Amino acid sequence: MKQDRTCLECGAAIVGRSDKRHCSDQCRYLANNKAKQQNQGERRVQQVNAALRRNRSILRQLSPQGKTTVPRQYLELAGFDFRYLTQIYRTQKGNSYHLR
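Residues numbered from 1 in each chain as written. Predicted model: local features only at pLDDT ≥ 70, side-chain atom pairs only at ≥ 80, totals over all residues. Heavy atoms only, no water.

1. A few points about the pattern of salt bridges
One pass over the full model with this rule turns up five salt bridges. Between glutamate 9 and lysine 34 there is a salt bridge, with the nearest N and O atoms lying 2.7 Å from each other. A residue pair is termed long-range when its members are at least 10 positions apart, and glutamate 9 in the segment before helix H1 (25-62) and lysine 34 in helix H1 qualify at 25 residues. Judged by relative accessible area, glutamate 9 falls into the partly exposed class, the value being 25%. The exposure class assigned to lysine 34 is partly exposed, which follows from its relative accessible area of 46%. Between aspartate 19 and arginine 17 there is a salt bridge, with its nearest N and O atoms 2.9 Å apart. (Salt bridge = Lys/Arg side-chain N within 4 Å of Asp/Glu carboxyl O. Helix = DSSP H or I, 4+ residues; strand = E, 2+ residues; numbered from the N terminus. Buried < 20%, exposed > 50% of the residue type's maximum accessible area, 1.4 Å probe, protein only.)

2. Topic: the pairing of strand S2 (residues 96-99)
Both strand S1 (residues 87-90) and S2 contribute to a ladder of four bridges, which runs antiparallel. Across the sheet, the residue bridging to tyrosine 89 is tyrosine 97, located in S2. Taking the residues that link successive antiparallel strands as the turn, the S1-S2 hairpin has five residues, and the phi of glycine 94 there is positive, at about 100°. (Pairing = 2+ DSSP bridges.)

3. Quick notes on the environment of aspartate 81
Tracing the chain through its elements places aspartate 81 in the loop between helix H2 (72-78) and S1. Classification of aspartate 81 by relative accessible area gives buried; the value is 14%. Along the backbone, aspartate 81 and asparagine 55 are 26 residues apart, and their C-alpha atoms lie at a distance of 6.6 Å. In contact with aspartate 81, other than residues within four places in its own chain, are Ala51 and Asn55. Of the polar contacts made by the side chain of aspartate 81, one reaches the side chain of arginine 83; its length is 2.9 Å. (Contact = heavy atoms within 4.5 Å. Polar contact = N/O pair within 3.5 Å; in protein donor to acceptor, adjacent residues only side chain to side chain.)

4. Quick look at the packing of aromatic side chains
Counting across every chain of the model gives one aromatic pair. When the ring centre of phenylalanine 82 is taken as reference, the NZ or CZ atom of arginine 72 above it lies at 3.9 Å. (Phe/Tyr/Trp six-rings, centres within 6.5 Å; stacked < 30°, edge-to-face > 60°. Lys NZ or Arg CZ within 6 Å of the ring centre and 35° of its normal.)

5. Section: a nonpolar patch on the surface
Together, Leu62, Tyr74 and Leu77 make up a nonpolar patch on the protein surface, roughly 350 Å² of accessible area in all. Inspection of the secondary structure puts tyrosine 74 in helix H2. (Patch = residues over 30% accessible without salt bridge, like charges linked within 9 Å, V, L, I, M, F, W, Y side chains within 5 Å. Areas by Shrake-Rupley, 256 points an atom, 1.4 Å probe, with all protein chains shown as cover.)

So, in structure tokens, the structure goes:
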């Protein structure tokens, strides 16, 4: 008994091998490009999370109590990445603290 198979990308009927998932090369390329794009987004999130973990580890080493001001040069020498921060705290006096 023959099953009707449809393309995962466009829904058109598939003719050919029984394990075929796309009706044409174009649909296959589109599906692969979408999957690759999603993986790149996930990879970027993983990279940012890794940088934040590394930054927290450096801060923990340089300031065990967590309430100490650490000079920027120490952070730079330890490999701290200043591009990533988790919060900006503004005081009533107008001072800004970039929390990393």
